[in-house]
Amino acid sequence: SFDVLIVGAGSAGSVLAWRLSEEPGLRVGVLEAGGHPDDPDIAIPQKWPVLQDRPYDWAYRTLPQAGTAGRVHPWPRGRLVGGSSCIHAMAHVRGHADDFAPWAEATGSDAWSHAGLLPSFRRIEAFSGGASAQHGGDGPLPVWLPDAELAPVVRAYMAAGLARGVPHIGEHNGGPLKGVAANSLTIRDGRRVSAADAFLVPVLGRPNLTLVTGVRVHRLAFDGDRVTGVEAEVDGRPARFSAGTVLLAAGAVASPLLLMRSGVGPAADLSRAGIPVRLDRAGVGDNLHDHMLTAGNVYRARRPVPPSRLQHSESLMYLDADDPTRADGAPSVVLGCVAAPTTSERLAPVDYGTGFTILSGVTHPTSRGRLTVTGPGLDDAPSIDPAYFTTDHDRELGVRALELAREIGAAPELADWRAEEIHPGPAVRGRAALAAFVAEASITHHHPVGTCRMGADADAVVDARLKVNGLDGLHVVDASVIPSITSGPVHAAVLAIADRFAGDFLAAG
Ligand code: FAD
């Protein structure tokens, strides 16, 4: 029996375990479906794209998406200690300060404003540029700003941006976000540092912390409206773990599913799936959203493109779609130059070393989908509908972002690298043709969020303290509580949410 039981040893779960077990009087348990990482490829930054579909990937799939020409999108998620941070692309981007204002507004709590989260962003990191008002210098997670290691083609693309009048910001986490910067990466000595490497594994020796791997949590256990623990499966056999408080940190797909398997979710969905309804909560699984990237604007190279020494995608360029020279505020679109010629599965592939891609995407999509259960069992696959490109906003900005990618791609600064544009190809011009191309070429940026959103309203799944509305002894603390997505990759924000929650939880006694 534990005082606090954390479900999921992924990104958020690792931070929760680190912070909560600092309190010696608190018995903290962590349950993880997967095992410890044992694939040496995980630590090698260049290998991140090939880790997908390996045995430690949950390997979800979306429903066919009308907004992307009927395509089904693979949704990798890590099933191992470290969770998705073992298979992710290692970019550390907090987001723009304005991204968090809607979080504070939705909850009525300054805890979730940028100012409220800044101490957590600083505490978790050891920034290679050193400590400052914006940065932490001695936290567990290395945040490294590469320089000489950047691929030469990426440098040329950054120069093209600067020549176009895009502001120089130097790094993504210093305040301004619109501009040219190399990606800050969670890499140390050439190796990936997962959230578990940084936060969880170093504290596993604490006597009050227990990590149990190979535990698939099936559903919550209740005494009335109070959650008393979880029912799980270990090696195919049922097991039960009891706790004073349960924290769901199973991620934006698995946390809402776990609630629904426990009878907490939209009543009609639960009944259809053969699950007795305990609490009719329409918000569980709703508000699902994600970033997409058009993959892409691909160029055949004039000369061999040297392999990336980092993780291929080394510089995200955040822009105002109306005026790329504008520096203030949150961006609306993003570009990224990839030394590997990345394409969606619908486009003719281009051999590594012979080309490069400029990715483009929308930073604040307004499309909202939902995910739900299809059955009561652990092996019943979820139904995932992110509703990609179902708003005019997303379709229009998706085209605009691609136009900006082509503008940068055609710049003189890239002339030494560019032989010709392969995708979409010079013949593809005009709004309708470009929109059709975006639908064929967009792939997930792997940032699903929002399925247990925080808020002060009655429909919110969790309140400002991340407690599940209508139940006691249960919180959700992971990417699913994000009410509206940040400008960039969400990992930094997920870690900060977990840190902020843990601090407040300990302070509340
Ligand atoms: P996770 O880290 O996924 O953790 C959930 C954990 O819960 C997992 O370990 C899982 O096995 C466990 N679990 C789930 N269900 C159960 C159950 N029933 N019982 C027991 N345990 C369970 N973000 C960035 O910021 N930068 C990037 O470069 C980036 N690239 C990405 C690339 C890929 C391929 C992917 C998949 C993601 C990427 N992301 C990136 C997103 C980022 O990794 C995630 O948003 C973040 O890791 C989510 O953290 P989480 O704690 O919510 O969930």
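Here goes a summary of the coordinates provided. Everything quoted here is computed from the prediction, not taken from an experiment.

Focus: the overall build of the chain
And then number 1: When its secondary structure is counted, the chain shows 10 helices and 25 strands.
And then number 2: Taken over the C-alpha trace, the chain has a radius of gyration of 22 Å; the compact-globule value for 509 residues is 23 Å, and the two agree within 12%.
And then number 3: Based on the C-alpha atoms only, the size of the chain along its principal axes is roughly 65 × 50 × 45 Å.
And then number 4: For the chain, the residues scored as buried account for 60% of the 509 residues in total.
And then number 5: In the chain, the proportion of contacts linking residues at least 24 apart, taken out of those at least 6 apart, comes to 71%.
And then number 6: When the accessible surface of the chain is totalled, it reaches about 18000 Å², and 52% of it is carbon and sulfur.
And then number 7: Across the chain, the mean location of the 45 positive side-chain charges is 2 Å away from that of the 56 negative side-chain charges.

Details of the site of the ligand
And then number 1: Among the 38 residues in the neighbourhood of the ligand, the closest are listed as S11, E32, S84, A91 and H491.
And then number 2: Contacts to the ligand include W58, whose side-chain N or O atom sits 3.1 Å from an oxygen atom.
And then number 3: In this structure, L80 approaches the ligand through a main-chain N or O atom, which is 3.2 Å from an oxygen atom.
And then number 4: When isolated, the ligand has an accessible area of 1000 Å², and the protein chains bury 98% of it.
And then number 5: Secondary-structure elements contributing two or more residues to the shell around the ligand are α1 (11–20), β12 (215–223), α6 (251–261) and α10 (491–507).
And then number 6: A per-class count over the shell around the ligand returns 19 nonpolar, 13 polar and six charged.

Examining the packing of α1 against α10
Helix packing for two helices is described by the angle between their axes and how far apart those axes are.
And then number 1: Contact geometry of α1 with α10 gives a least axis separation of 8 Å together with a crossing angle of 30 degrees. Between α1 and α10, the angle falls in the class roughly parallel. The handedness of the crossing between α1 and α10 comes out as right-handed. For the pair α1 and α10, the contacting residues are S11, A12, V15, L16, W18, R19 and L20 in the first and H491, V494, L495, A498, D499, F501, A502, G503, F505 and L506 in the second.

Details of the nonpolar core
And then number 1: Counting residues in hydrophobic clusters, the biggest one holds 103 residues, and the most contacted among them are I6, L16, L20, L220, V246 and L259.
And then number 2: Counting residues per element, this core draws most heavily on α10, at 10 residues.
And then number 3: Every residue in contact with L220, bar those within four places of it in the chain, is listed here: V227, G229, V230, E231, V246, L248, L258, L259, S262 and L474.
And then number 4: Among the nonpolar cores identified, the runner-up in size contains 37 residues, and A182, A301, A339 and A405 belong to it.

Side note on the environment of L20
And then number 1: You can see L20 is positioned in helix α1.
And then number 2: Exposure remark for L20: the relative accessible area of 0% places this residue in the buried category.
And then number 3: Separated by 481 residues in sequence, L20 and F501 place their C-alpha atoms 9.8 Å apart.
And then number 4: Apart from residues no more than four positions distant in its own chain, L20 is found in contact with V4, I6, L26, V28, L247, A502, F505 and L506.

Focus: the packing of helix α3 (residues 114–124) against α10
And then number 1: Contact pair α3 / α10: the axes reach a minimum separation of 8 Å and the direction vectors enclose 105 degrees. Classified by the interaxial angle, the pair formed by α3 and α10 is roughly perpendicular. Across the interface between the two elements, G116, L117, S120, F121, R123 and I124 from α3 touch A492, A493, L495, A496, I497, D499 and R500 from α10.

Re the pairing of strand β14 (residues 237–248)
And then number 1: The sheet contact formed by strand β1 (residues 2–7) and β14 spans five bridges and is parallel. Within the sheet, the bridge partner assigned to V7 lies in β14 and is L248.
And then number 2: Once strand β13 (residues 226–234) ends, the chain turns through two residues before running back antiparallel as β14, passing D235 with a positive phi of about 50 degrees.
And then number 3: Sheet topology note: the β14/strand β25 (residues 474–476) ladder contains three bridges and is parallel. In the sheet register, L248 faces β25, and the bridge partner there is V476.

Digging into the pairing of strand β20 (residues 355–362)
And then number 1: Counting buried positions along β20 yields eight of eight residues, so the element is predominantly enclosed.
And then number 2: Of the two faces of β20, the one lined by G355, T357, L359 and G361 and the one lined by F356, I358, S360 and V362 are each fully buried.
And then number 3: Sheet topology note: the strand β19 (residues 333–338)/β20 ladder contains six bridges and is antiparallel. Opposite V338, over in β20, you have T357 as the bridge partner.

Focus on the side chain of S184
And then number 1: Of note, S184 is situated in the loop between β8 (180–181) and β9 (187–188).
And then number 2: In this structure S184 comes out as buried when scored by relative accessible area, which is 0%.
And then number 3: Apart from the residues lying within four places of it in its own chain, the contact partners of S184 are M90, A91, H92, F127, V143, W144, L145, E171, H172 and N173.

As for the pattern of salt bridges
And then number 1: In this structure the tally under the stated criterion is 28 salt bridges.
And then number 2: In this structure, D269 and R272 form a salt bridge, with 3.4 Å as the shortest nitrogen-oxygen distance. Here R272 and D269 lie together in helix α7 (residues 267–272), a separation of three residues that amounts to about one turn.
And then number 3: Salt-bridge contacts for R346 lead to E440; the nearest nitrogen and oxygen are separated by 2.8 Å. Taken as a pair, R346 in the loop between β19 and β20 and E440 in helix α9 (residues 431–441) lie far apart in primary sequence, 94 residues in all.

Conventions we followed
- Residues numbered from 1 in each chain as written.
- Predicted model: local features only at pLDDT ≥ 70, side-chain atom pairs only at ≥ 80, totals over all residues.
- Heavy atoms only, no water.
- Helix = DSSP H or I, 4+ residues; strand = E, 2+ residues; numbered from the N terminus.
- Rg over C-alpha atoms; globule rule 2.2 N^0.38 Å.
- Buried < 20%, exposed > 50% of the residue type's maximum accessible area, 1.4 Å probe, protein only.
- Contact = heavy atoms within 4.5 Å.
- Areas by Shrake-Rupley, 256 points an atom, 1.4 Å probe, with all protein chains shown as cover.
- Lys, Arg positive; Asp, Glu negative; His and termini not counted.
- Charge placed at Lys NZ, Arg CZ, Asp CG, Glu CD.
- Near = heavy atom within 4 Å.
- Polar contact = N/O pair within 3.5 Å; in protein donor to acceptor, adjacent residues only side chain to side chain.
- Nonpolar A, V, L, I, M, F, W, Y, C, P; charged D, E, K, R; others polar.
- Axes fitted to C-alpha atoms, helices over the stretch in contact; angles between N-to-C directions.
- Parallel < 35°, antiparallel > 145°, perpendicular 65-115°, else oblique.
- Left-handed = near helix turned anticlockwise from the far one by under 90°.
- Core = buried A, V, L, I, M, F, W, Y, C linked by side-chain atoms within 4.5 Å.
- Pairing = 2+ DSSP bridges.
- Salt bridge = Lys/Arg side-chain N within 4 Å of Asp/Glu carboxyl O.

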